[in-house]
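Below are the chains, spelled out letter by letter.
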Amino acid sequence: MSLFIRLCEKNTRIILTKIPNVTASFATTAKPVDIESTEFRVLNLKSKKVENTRKKTRRVEVPPPRANQMAVDQDWPSVWPGPKTFHPAVVPIPIRQGYSLRDQPPPDKYGNTELMKIPNFLHLSPPAVQRHCEALKKFCTEWPVGLETEDKCRKHFPLEVITSDYCYSSPTIREPLSRIVTLRVKLSSLSLNAHAKDKILRLVKDKYSPETDFITITADRCPTKKQNLEYAEYLLTALFHESWRVEDWESEKAEADMEYYDWDKNKSRTNLLTLHAWPNSPTDTDWECIPHVEEYKIAVSDLFNTGEDLHTVNKYKEAVKNVLNLKCEA
Amino acid sequence: MAIFRTLLRQVTFQKVLLGTKRSGVISLTNNYSLFPSTFIKGTFIPSEQNKLKESGELQKIAHIPIKPAFNDETSSEFYDPIVRKFTNYIMRKGKKVLARNLLEKTFENVKRIQLEKYNSSSFEAQTEIELNPTVILHQALANCKPVLELMPMRRGGVRYQVPVPIRESRSAFLAARWIIEAAKDKERTIHLPEKLAWELIEASKNQGRAVRRKQELHKQCEANRAYAHYRWS
Amino acid sequence: MVFYTQSLLRRITSGHVRMFGTALEAIKVPEEPPQTFRTIENNPANHTIDHMNRFYTIAPEIQKQLFQHGGLTKFFQKQVKTFAECSILIRQPAIEIISYIRQSDYSKPPNKYVLYGEFGVGKSTTLVHLIHYAFATRKILIHVPWAQNWFSRPRETANSIVHEGNIDLPIDAAAWLVHFKNQNHYLLSELDLRVTKDYAWSHRETTSNGTPLLEMINFGINRIKFASEIINVLINELKEASRDGKCSTMVAIDGYNAFFSEYSAIRDDNKKVVPPSRVSLTHAFLNITKSDWCNGIIVVAVDILATKDRRESYLPRFLLNKEGFEHMDPFLPVHVKNYTTDEFEIIAEYYKNRKWIRDISKQGLRELQLLSQNNPYKFMEYCTPL
C-alpha cells in the first residue's frame, strides 16, 4: 500500500517537472542545443524559475473630447448633419440620464447607454429645419385663393381625412398603425332631409357625436393606407345613398317603433278634440283654433320626450289649466 | 446537594417569571376596553353637561380624553335610561330593533288605552289619568320591585330558604323580568305589545300578575323569617 | 371635546325653550282652551283659502255613512277612535281642487284631477276631504277606497258570463255595491233615479225599465253572481243620468294606477296570471273615468304602493303608464306635498290638544320635524311612542 503511494508521489513529481521543460522548449527554439554532443545529460531537478513577465499593454493616447474645443458660435448642423446615435464627445452639453443611486446625481453623458439607446433629434435643430425649408421652397406652389381662413377651408372641404405616419429608429420602416384612416364629416354639411337624417343617424349609431355634429368613420381592416381610405370613402358614399332611399316597409312604422312621441299622431290629440267638440263628434280640421293648444302640445310632448320630472309635470298642469280654462285660487 | 440548590434557584426564578406573566394576564382580563384606563367616562345628557359647566368641572377635564357614548345613548329629549334598560330586557338573541319596535308599539297601545279612558271620563277623573307611557312604565317598575329575596342556604345538611335583602339593581331587574314574563304568558293570537301594555297599566295601578308575584315573595319571606339568622351563622 | 361643546350648545337653547314652554302652559285655561288650529266651518262646501291650515271635523254619522267600508287609512282610522273625533287638516291640494270644481263648466266632459305624491303625504286624506265635499254638495259618489285590494287580495274569482275571457270578483263586487249603497242611498231615493233599459240577468231574474236603481243594487247585493255586471250597468246608468242632468256624479278612486298594472294575484282556470285589464271591475271603473259623459268630477289618486311592477317614481305619467295617461289625458296633476312649517306647527298643536303628545319642548318638536322630514305619516309614526 505504502509502495503504491510512493509511486504515485513519484509520478506526480515527474508531471511537475515536465511542465517547465515544456516551457523551456518553447523558450529555446531560437538556439537548439545539440543533445548528442554533450556528454552527460544533467537532470535539472530544480529548474530555474522563469520570471513571468507581465505583458505590458500600451495605452492608446485618447485625445480630449472634441466638445471641449468647440466654439460657441459654431455651425451645429454641420457638426451633426443627420440622424446618429448619441456621442458624448461631440455633443457639447452636460446631459445626465439614467437611474442614480441614493444621494448621487444621474450618470453623466460619458459611456451612458441610456443616452445612446433613445432616438435623438439633434439633427433637427431650428437652423437645420430652416435650411431644409429654404431648400424646399423653390418646389412650393402658391396657397389657393379663397381658402385663407379655417372656416373657408372647412366649408369648401368638409371631408377630413386623418392618418398617422410613424418615424423611429427601428430596422423596419413599416408601422402597422399607419394603415388606419379616419374620415370625419359634419352631418350638417351633408344636406339631408328629415327622413334621410333620421335614417343616417340610425345607421351610423354611435359613430355620430351630437356635441360636435361629426360623423367619424374609421377604417383599419385593409393592410395599406390607400385601401383603407378607399374603403372609408366607399362607406360614406353608401351611407349617404342608403339614407336617401325610402323602403316600402318604412310606411308601416307604428307608434311603438318611434323613439319620440308625436302628439299629432297620438291619442292625446283626439282626446283634446273630443273634449273641445263635446257634445258633437270631433272634426279634425279646426284643431289649431282651440285656445292654448300649442302650449298643451308642447307640454305633452315634453312629458314623453324629455322625461318626466316635477318641472314638466307642472308645465303640463299649467297647459291643462289653460285648455280647461281654470284658474288656481289657492 | 449543590444540584438541588441550583434546581431550587431555577424554580424560584421561574416562579418570578410566572408571576410577571400572570400579572400581565391579569391586567388584560381586567380591562377588555378598547380605551386605556386614562380615559374618563363622559356624559351625554345635556342637563348633566350643564351641571358640569356651571360647577367649573368642565375646565378641569377639558384636556382629558373621554370615552365615547354607546350607540343607543342619545342626548335627545326623548331618551330615557330606564326605557333603554327595559328594551334590553325585552331583547332576545340580540334583536334590538325588534325589541325597540315591540316597546314602541306597547307604548302606543298604552297611550291609546289611556286616551280612550281619558276621553270617556269626566273632567275631574281626567286629571288622575296618567297619559305618559314612560311614566306608566316607571310606575309599573317601581311597584314591582321586591325588597327581599329567598336564598337557598345549606346548614346542617338541610337547605333553608333564607330571606335576604337584595340590591337595588337586582330588584329592578326582577321587576322588569316579572312584568315581561307576565306579558309573555298569553294566547298565541295575542301580540306581545297588547298584553305588555295591559300588564304595564295594571302594574302601575299596583295590580296584575307581576305585582302579585312580588307580594307572594314578600309573604314567603315573612313566613321564613325564622331562618333569617342563617345568613350569618 | 367636540361632543361636549355641541351638546352644551344644544342644551343652552333647550333651556330657553323650556322657559318659554312653561310660560305657555301657564296661560292655558283648563275649561276652554283657545283652539286657533280649528275652524268651526265643518261644511266643506264652504271651505275656501281662508280656512287653510285649520282642522275641521267630520260629524260621526257622516263619517259612518261615507267611510264605514273603507276610505280612511288604517292608521287614521285608529287615530279617529283614539281621538274620539274625525278631524282633517284643510290643506292646499284639497282647496285647490275645490276651487277648480267651483269654476268648471259642467256642460263639458268631467275634469279629471290626479293626486300624486310620495308615500305618506296625505293623498288619501285629501281624497277623504274631497269626498266629504262632494257629499255636502249632493253629488252621487262613486268611490273606490283602494283599487289594489281587488287585485292583490281577491276574495273569490269566477269566469264572467257576459264577457268571454274576463274574470269576475263576485264578493268584492257585492262589497263595493254595499259601500256604494251605504254612501248614496239617501240621495238615490231622493233623486229617484231609475233604470232606463231592460236587463235580463237570467231566465227568471230581470230588471225592467223604470225600476229604481236602489232596487237593482239590492238585487246585486243579494245575487252576488251578477254583482260585477250590475256594477257595469249601474255605472252606465249613472253616466246616462248625469248626462241628462238628473244628478251630478263624483268619481273618487284611490290607487287608480292599479288598473294599469301588469301584476295581479288573480289566476284563471289554467293557473295563469290575469292582469287587471281582464277583470270586469276594471272595465267598469275605466268606463266611468272616460270623457264621454258630462256633469261630473273625477278625482283619482295614484300611488307607488298600488302597483307591484312600477315603483321607481311617484310622478303621475310614470305610474299611469302610457296607456293610463292616454285614458286620463287631459288631466290636472295635483301634487300633494309634505307639511310646510306652518302645517307642521298646526298638527303639533292639534296632537297636543288631543293629548297625543304632552310636554314636548320646542326643541323636541324640532327634533321630530327633522326626523320625519315633514312627512305626515312619518311624523304620526314618530309621535306614537311618546
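Residues numbered from 1 in each chain as written. Chains lettered and ligands numbered in written order. Predicted model: local features only at pLDDT ≥ 70, side-chain atom pairs only at ≥ 80, totals over all residues. Heavy atoms only, no water.

**So, the interface of chain C and chain B**
Then step 1. With 32 residues of chain C in contact, the opposing surface of chain B contributes 29 residues.
Then step 2. Here chain C meets chain B over a buried area of about 2700 Å², counting both sides, of which 59% is carbon and sulfur.
Then step 3. Across the chain C-chain B interface, the total number found is one salt bridge.
Then step 4. Of the charged contacts in the structure, one is a salt bridge between C:Lys78 and B:Glu108, with a shortest N-O distance of 3.8 Å.
Then step 5. For the pair chain C and chain B, the interface holds 10 residue pairs in polar contact (both at pLDDT 80 or more). (Contact = heavy atoms within 4.5 Å. Buried area = accessible area lost by both parts, 1.4 Å probe. Salt bridge = Lys/Arg side-chain N within 4 Å of Asp/Glu carboxyl O. Polar contact = N/O pair within 3.5 Å; in protein donor to acceptor, adjacent residues only side chain to side chain.)

**Quick look at the interface of chain A and chain C**
Then step 1. Residue-level contacts link 30 residues of chain A with 33 residues of chain C.
Then step 2. Summed over both partners, the interface of chain A with chain C buries about 2800 Å², with 63% contributed by carbon and sulfur atoms.
Then step 3. Linking A:Lys317 and C:Glu96 is a salt bridge whose minimum nitrogen-to-oxygen distance equals 2.7 Å.
Then step 4. Where chain A touches chain C, the interface holds 13 residue pairs in polar contact (both at pLDDT 80 or more).
Then step 5. Top element by residues in the side of chain A that touches chain C is helix H11 (residues 310–324) of chain A. It accounts for eight residues. (Helix = DSSP H or I, 4+ residues; strand = E, 2+ residues; numbered from the N terminus.)

**Some remarks on the sheet that holds strand S4 (residues 214–219) of chain A**
Residue and element names in this part refer to chain A.
Then step 1. Judged by pairing direction, the sheet is antiparallel, and its four strands sit side by side in the order S1-S2-S4-S3 without closing on themselves. Of all the strands in the sheet, just strand S1 (160–163) and strand S3 (208–209) have a single pairing partner and so form its edges.
Then step 2. Packing against the sheet, helix H8 (residues 225–244) makes contact with S1, strand S2 (181–186) and S4, and its axis sits at approximately 30 degrees to S2. (Pairing = 2+ DSSP bridges. Axes fitted to C-alpha atoms, helices over the stretch in contact; angles between N-to-C directions.)

**Observations concerning a nonpolar patch on the surface**
Then step 1. A grouping of A:Phe121, A:Leu124 and A:Val129 is seen on the molecular surface, where their side chains present a nonpolar patch of about 280 Å² in accessible area.
Then step 2. Positionally, A:Phe121 belongs in the loop between helix H4 (113–117) and helix H5 (126–137). (Patch = residues over 30% accessible without salt bridge, like charges linked within 9 Å, V, L, I, M, F, W, Y side chains within 5 Å. Areas by Shrake-Rupley, 256 points an atom, 1.4 Å probe, with all protein chains shown as cover.)

**Some remarks on the packing of helix H4 (residues 92–103) of chain C against helix H5 (residues 123–136) of chain C**
All names here are of chain C.
Then step 1. Following both chains from N to C, one finds H4 and H5 inclined at 35 degrees, their axes separated by 9 Å at the closest point. Seen along the crossing, H4 lies across H5 with a hand that is right-handed. Seen from H4, the contacting residues are Pro93, Ala94, Ile97, Ile98, Ile101 and Arg102; seen from H5, they are Thr126, His129, Leu130 and Tyr133.
Then step 2. Of the residues assigned to the contact of H4 with H5, the class counts are seven nonpolar, two polar and one charged. (Left-handed = near helix turned anticlockwise from the far one by under 90°. Nonpolar A, V, L, I, M, F, W, Y, C, P; charged D, E, K, R; others polar.)

**A word on the pattern of salt bridges**
Residues and elements named next belong to chain A.
Then step 1. Taken as a whole and assessed by the stated rule, the structure comprises 44 salt bridges over all chains.
Then step 2. A salt bridge links Lys137 to Glu134, with the nearest nitrogen and oxygen atoms 4.0 Å apart. With Lys137 and Glu134 both in helix H5 and three residues apart, this pair spans about one turn of that helix.
Then step 3. Here Arg269 and Asp264 are joined by a salt bridge, their closest N and O atoms 3.8 Å apart.
Then step 4. A residue is classified by how much of its surface remains accessible, and Asp264, at 29% relative accessible area, is partly exposed.
Then step 5. Within the structure, one salt-bridge network assembled from shared partners comprises Lys199, Glu242, Arg245 and Glu250. (Buried < 20%, exposed > 50% of the residue type's maximum accessible area, 1.4 Å probe, protein only.)

**What to know about the sheet that holds strand S11 (residues 332–335) of chain C**
Sheets are built from strands that pair by backbone hydrogen bonding, the pairs being arranged parallel or antiparallel.
Residue and element names in this part refer to chain C.
Then step 1. Taken together, the five strands give an open sheet; going across it, the order is S4-S9-S10-S3-S11, and neighbouring strands pair in parallel fashion. Edge positions in the sheet fall to strand S4 (140–144) and S11, since each has one partner strand and no second. Each strand of the sheet is rotated relative to its neighbour by a mean of 15 degrees, with strand direction disregarded.
Then step 2. In this sheet, S11 lies alongside strand S3 (residues 111–116) in parallel orientation, the contact comprising four bridges. The partner of Leu115 across the bridge, within S11, is Val334.

**Overview of H5(C)**
Residues and elements named next belong to chain C.
Then step 1. Between its terminal C-alpha atoms H5 stretches 20 Å, which fits the 20 Å expected from 14 residues at 1.5 Å a residue.
Then step 2. The complete set of buried residues in H5 reads Lys123, Ser124, Thr126, Leu127, Val128, His129, Leu130, Ile131, His132, Tyr133 and Ala134.
Then step 3. Following H5 by one or two positions, Arg138 adopts a phi angle in the positive range, close to 55 degrees. (Expected span 1.5 Å × (residues − 1).)

**Quick word on helix H2 (residues 46–55) of chain B**
Residues and elements named next belong to chain B.
Then step 1. Within H2 the residues assigned to the buried category are Pro46, Gln49 and Leu52. Projected down its long axis, H2 shows its buried positions confined to an angular sector of 115 degrees, all on one face. Exposed residues on H2 whose side chains face more than 90 degrees from its buried face are Lys51, Glu54 and Ser55.
Then step 2. Once H2 finishes, Gly56 follows within two positions and takes phi at roughly 80 degrees, a positive value. (Arc of directions from axis to C-beta.)

**Here we look at the nonpolar core**
Then step 1. Of all hydrophobic cores here, the largest spans 117 residues; its most connected members are C:Trp176, C:Phe259 and C:Phe285.
Then step 2. A per-element tally of this core places helix H9 (residues 227–243) of chain C first, with eight residues.
Then step 3. Excluding residues within four positions of it along the chain, C:Trp176 makes contact with C:Ile142, C:His143, C:Val144, C:Trp150, C:Ile231, C:Leu234 and C:Phe285.
Then step 4. Counting 31 residues, the second-largest nonpolar core is a separate cluster that includes B:Val83, B:Val110, B:Ala176 and B:Val211. (Core = buried A, V, L, I, M, F, W, Y, C linked by side-chain atoms within 4.5 Å.)

**Topic: the domain arrangement of chain C**
Then step 1. For chain C, the domain assignment lists domain 1 (108–335) and domain 2 (341–383).
Then step 2. On a C-alpha basis, the centres of domain 1 of chain C and domain 2 of chain C stand 36 Å from each other. (Domains from an automatic or database assignment.)

**Examining the packing of aromatic side chains**
Residues and elements named next belong to chain C.
Then step 1. The tally for this structure, following the rule as stated, stands at 40 aromatic pairs over all chains.
Then step 2. When the ring of Trp176 is compared with that of Phe285, the centres are 5.0 Å apart and the planes differ by 80 degrees; the resulting orientation is edge-to-face. With Trp176 in helix H7 (residues 170–191) and Phe285 in helix H10 (residues 280–288), the pair connects residues that are 109 residues apart, well separated along the chain.
Then step 3. Classification of Trp176 as buried rests on a relative accessible area of 3%. (Phe/Tyr/Trp six-rings, centres within 6.5 Å; stacked < 30°, edge-to-face > 60°.)

**Thoughts on unusual backbone geometry**
Glycine aside, the phi torsion of most residues is negative, and most peptide linkages are trans.
Then step 1. For the peptide bond that leads from C:Asp329 to C:Pro330, omega is 0 degrees, which places it in the cis range.
Then step 2. Structurally, C:Pro330 is set in the loop between helix H11 (316–328) and S11.
Then step 3. Phi angles above zero are rare outside glycine, and A:Ser191 is one such case at about 50 degrees.
Then step 4. Counting through the fold element by element, A:Ser191 comes out in the loop between S2 and helix H7 (194–204).
Then step 5. The phi dihedral of C:Asn374 falls on the positive side, at around 65 degrees, and the residue is not glycine.
Then step 6. By the element assignment, C:Asn374 lies in the loop between helix H13 (362–372) and helix H14 (376–383).

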